[in-house]
Amino acid sequence: MNTGLKIGAHMSVAKGYVQMVKDAVNIGSDTFQFFSRNPRGAKAKAIDPEEIKEFRNMLSQNNITQVLVHAPYTLNLCSAKEETRNISLEMMTDDLKRMELYPGNLYNFHPGSRLKQNIDTAVEQISAGLNKAMFKDMHTTVLLETMAGKGSEAGRTFEELRAIIDKVELKDKIGVCIDTCHIWDSGYDIVNDLEGVLNEFDRIIGLEYLKAVHINDSLNERGSHKDRHALIGEGHIGLEAFKNIINHPSLCNLPFYLETPTDDKGHGEEIKLLKSLYKI
Ligand code: FE
Ligand code: FE
Ligand code: ZN
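Before going into details, it helps to say that this report is about the structure given with it. Only a predicted model underlies this, so the values are computations on that prediction, with no experimental measurement involved.

### Some details on the side chain of Thr31
Inspection of the secondary structure puts Thr31 in the loop between α1 (17-26) and β2 (33-35). Relative accessible area serves as the criterion here: at 0%, Thr31 is assigned to the buried category. A distance of 2.5 Å separates a polar atom in the side chain of Thr31 from the backbone oxygen of Gln66. Among the polar contacts made by the side chain of Thr31, one reaches the side chain of Tyr257 at a distance of 3.4 Å. Those residues within four positions of Thr31 in sequence are excluded, and the remaining contacts are Lys6, Ile7, Gly8, Ala9, Ile64, Gln66, Val67, Pro255, Phe256 and Tyr257.

Below you can see the structure in the form of C-alpha cells.
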C-alpha cells in the first residue's frame with residue numbers, strides 16, 4: 001500500500017491543541033483541520049503560548065507540515081448588515097494574528113451569504129475585508145472555499161472566486177480550497193468530467209491558486225445547491241470518482257480533509273480506504 005496521500009479529517013480542538021494532534025495521528029492522519037473558534041459563535045479561547053509551542057513540536061515530530069484552520073460559520077464578510085461585516089472582519093483579523101504563533105499553515109473561510117445584495121457588492125465587500133485582515137509579512141495562506149450555492153452563498157462558481165482574488169492585494173497569500181461536495185452540489189461534474197472541471201478551474205482561476213481539498217461525498221444530486229455531506233462512497237459522487245480525484249496529477253499532491261458525517265474512528269476508516277486507492 002502506498003501511503004503518499006496527504007490526508008486527514010476535521011478534528012475537535014476541545015481537549016486542546018496537543019490532544020488534537022494525538023487524536024489525528026491515532027487515526028492515521030498526515031494532516032488535519034480544526035475550527036479557529038466556536039463554529040457558531042464569535043468567542044475565541046485565549047491561546048497559551050506554551051501549549052502552542054508543544055503543538056508545533058508535536059506537528060513536526062509527526063511530520064505534519066501543514067494544517068488547515070477553518071473560520072467559524074458565522075463569519076460573513078459580505079453580510080448586508082454592516083455590524084456583521086465588522087464582527088467578521090474582527091474575527092478574521094484576530095484568527096490570522098493568532099495563526100502567526102504557528103506559521104506556515106492554511107486558513108479557510110466561506111466567502112459568505114450576500115442575501116439580497118448583488119454579487120458585485122459581495123465581491124467588493126469580501127475583497128475589502130480580506131485586504132484589511134491580511135497583512136504583508138503574514139505566514140498563513142488564506143483560502144476561499146468553493147460553495148454549494150445554498151441560498152445566497154457567494155463563491156458558488158469559479159468566476160465569483162476569481163473576481164474576489166482579482167481584488168485581493170496579497171496574491172501570494174490567497175488561494176482556494178475545493179470542497180468536492182460543494183462543487184458537485186453547485187453543478188460541476190467531477191464524476192464524469194473531472195478533467196473538464198479542472199481545466200475550467202485552471203482557465204478561470206489558475207491551478208496555482210488551488211491549495212487544498214475538502215473531500216466529502218454528497219447526499220444530493222449534482223446542481224442541487226444543498227450542501228449535505230455524505231460518507232465517502234455513500235453519496236452521489238461515489239468511490240470511483242474519489243479514486244480519480246485523489247490520483248489526478250493536479251490534485252494528488254494537495255492536502256485532503258474529510259468533513260464527512262462520522263466520528264474519529266469513521267474518519268480513520270475513510271483515511272485507510274482512500275490511502276488504499278492512492279496509486280502514486
Ligand atoms: Fe467549510
Ligand atoms: Fe468544506
Ligand atoms: Zn459543506
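### Details of the coordination of the zinc ion (ligand 3)
Within the protein, the atoms that donate to the zinc ion (ligand 3) are His182 (NE2), Asp227 (OD) and His229 (NE2), at distances of 2.0 to 2.3 Å. Spacing between the donor residues of the zinc ion (ligand 3) along their common chain follows H-x44-D-x1-H. Exposure remark for His182: the relative accessible area of 2% places this residue in the buried category.

### Thoughts on the layout of surface pockets
Its boundaries defined by the atoms lining it, the largest pocket holds a volume of some 410 Å³. Contributing to the lining of the largest pocket are 22 residues, with Tyr73, His110, Met147, Lys150 and Asp227 lying nearest its centre. A breakdown of the residues in the lining of the largest pocket according to their chemical character gives five nonpolar, ten polar and seven charged. Roughly 260 Å³ of internal volume is contained in the second largest pocket. Counted by class, the lining of the second largest pocket contains eight nonpolar, four polar and five charged residues.

Rules used in this analysis
Residues numbered from 1 in each chain as written. Chains lettered and ligands numbered in written order. Predicted model: local features only at pLDDT ≥ 70, side-chain atom pairs only at ≥ 80, totals over all residues. Heavy atoms only, no water. Helix = DSSP H or I, 4+ residues; strand = E, 2+ residues; numbered from the N terminus. Buried < 20%, exposed > 50% of the residue type's maximum accessible area, 1.4 Å probe, protein only. Polar contact = N/O pair within 3.5 Å; in protein donor to acceptor, adjacent residues only side chain to side chain. Contact = heavy atoms within 4.5 Å. Donors = N, O, S within 2.8 Å, 3.2 Å for Na, K, Ca; no water. 1 Å grid on protein atoms, 1.4 Å probe; cavity = no way out; pocket = protein on both sides within 12 Å on 5 of 7 lines; lining within 4 Å. Points joined across faces, edges and corners; volume = space filled by probe spheres on them. Nonpolar A, V, L, I, M, F, W, Y, C, P; charged D, E, K, R; others polar.

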